[in-house]
Structures are given as structure tokens and as C-alpha cells.
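Here's the letter readout for the chains.
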Amino acid sequence: LMLQILLPSLRWPQTLITAGLFTIFPPVVWATHGQLDFLLALGLAAFLAFAGSHPYPSGKRAWLAGVSLALLVVKPHLAAVPLALVLLWAIRQRRWQIPLGFGLGVGALAAAAAALQPSWLGDWTRVLIDPPESIVRRWPEFAPTVRHYAGLWRPAAEADTLGVVVAFGVGSAALWWLWRARPVPPLTQVVALGAAALFLVTPYAQSYD
């Protein structure tokens, strides 16, 4: 039903088949086990549903597209590149409702988090500044793909630096391409490029990411 609402162009048999896939064990585990990555996929899918079929989305659809992007902040380190690309695309298209809707969505999520757990911001900040030893010991398991493979033949510090340089370089190049492109590329190309960039930052050892 959710897919039918978000993607009204789908026919009911296709929707039922898609929904049926989520009753099979592997997709259910991959979508829900341990992480919230499925929310990133849902945010991008909803964004495309509201904005992707319209070269110049405006009005209510543009606001809803922006709000949908707020789901990407649940994993900000993964979503940074695709989120920056789609927001830049909206700015270049002068669809100001999309970044404004994104801001409203983020505000709503932050308010809901504060209502459910008032200490979440302080807890999160403390973990970033002084991570528990149990997390530090497991950092190699969460090494991004570039850092993981570089670490097989280079010292850890050099591998860390290389991973950051590659991710930052590719992300910056993608943003520069989008800023300079004339005419503005289609939204589907922008989202596809952002999704591909995820492979530079997703943890190699954690297959569900």
C-alpha cells in the first residue's frame, strides 16, 4: 500500500510482487538487521517518487520531496554525498521548496528524538568526542572500503588518510560536475551518481551496509 501511494504509476500486480519480496527472509534481514540503512533507501525512493517524474517539481510535491530527504540524516556519514548532490540539484533548478522541506523534516526528526530521549544530543556528542573502548577495538570491522583494502598493504594511518582523500575527492568532483553542467543533468543521473559514491564510505566488513 505504501509503494502504491508513493509510486502511483505502478500497477497493482507489480506492487504486490514487490511487497511479496519483503516477506522473503534475506531481504527482510538485509533491510532491518542492525542498521537503519533501509530508511536511506526509503528517503531516496520517496524523493524520486515526488520529484523524479517532474523535471521542475514545484508546489506540494516539491515540499514532500524535501521532507523525504530528511530520512537520510539517520546515517549522515553515508548520506553526505547523495544528499549534497540532490540539494545542489534542487538549488540549481531553483526549487527552493525542496531544501526548505528538507530543513523542516530534519527539524521534525530532531524534535521527535528529543521528545523520546531528551539526552540524545549530549549522548551522541560524548560518544564522538570520547568513544568507548569497546567501539574503538572494533573500528577495523567498520573500515570503509578504500581504507580496508589500502590497509592490507599500507600502515593504518596512511590507509585512513587515503580513504578520506578518495572519498572527499570523489564527492568534491561530483559536486563540481553538477555545479558546472549545462544544462542541469536529469535527477535520476544525480541520484545514481550519489548512490555509487556510497561504496567509498560504506563499511566493507559490514555486509548489511
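Conventions and cut-offs
Numbering of residues starts from 1 in every chain and runs along the sequence as written. With the structure being a predicted model, the display of local features is reserved for residues of pLDDT at least 70 and the display and counting of side-chain atom pairs for 80 or more, all residues being used for whole-chain, interface and lining totals. Computation of side-chain values: all heavy atoms of the structure, hydrogens and water removed. Here the nonpolar core consists of buried residues drawn from Ala, Val, Leu, Ile, Met, Phe, Trp, Tyr and Cys, with membership extended through side-chain atoms lying within 4.5 Å. Exposure is judged per residue with a 1.4 Å probe applied to protein chains only, and the accessible area is read against the type maximum: over 50% gives exposed, under 20% gives buried, and values in between give partly exposed. Numbering of helices and strands starts at the N terminus; helices are DSSP runs of H or I of at least 4 residues and strands are runs of E of at least 2. Patch construction takes residues with relative accessible area above 30% that form no salt bridge. Like charges are linked within 9 Å, and nonpolar side chains (Val, Leu, Ile, Met, Phe, Trp, Tyr) are linked within 5 Å. Using the Shrake-Rupley algorithm and a 1.4 Å probe, accessible areas are obtained, with residue cover drawn only from the displayed protein chains. We define a salt bridge as a contact between a side-chain nitrogen of Lys or Arg and a carboxyl oxygen of Asp or Glu at a distance within 4 Å. Should any heavy atoms of two residues lie within 4.5 Å, those residues are considered in contact. A residue's pLDDT is the predictor's confidence in that residue, given on a scale from 0 to 100.

(A) Fine view of the nonpolar core. With 27 residues, the main nonpolar core has Phe47, Leu69, Leu83, Val86, Trp89, Ile98 and Leu187 as its most contacted residues. Where this core is concerned, the elements lending two or more residues are α4 (37-52), α5 (59-69), α6 (76-92), α7 (97-116), α11 (156-180) and α12 (187-197). The element contributing the most residues to this core is α6, with 9 residues.

(B) Quick look at a nonpolar patch on the surface. A surface patch of nonpolar side chains, about 570 Å² in accessible area, is lined by Trp63, Val67, Ile91, Trp96, Leu100 and Leu104. Taken together, the elements giving at least two residues each to the nonpolar patch come down to α5 and α7. Of note, Trp96 is situated in the loop between α6 and α7.

(C) The environment of Ala84, seen in detail. Residue position: Ala84 is located in helix α6. Distance from Ala84 to Gly171, taken between C-alpha atoms, is 8.9 Å for residues 87 residues apart in sequence.

(D) Region of interest: the side chain of Arg147. Position of Arg147 among the secondary structure elements: in helix α10 (residues 145-150). Here Arg147 falls in the buried class, since its relative accessible area comes to 19%. Every residue in contact with Arg147, bar those within four places of it in the chain, is listed here: Ala156, Ala159, Asp160 and Gly163.

(E) Fine view of the confidence of the model for the chain. Model confidence for the chain is summarised by a mean pLDDT of 81, while 78% of its residues fall at 70 or above. Mean pLDDT values over the elements of the chain span from 56, in helix α1 (residues 2-6), up to 93, in α7.

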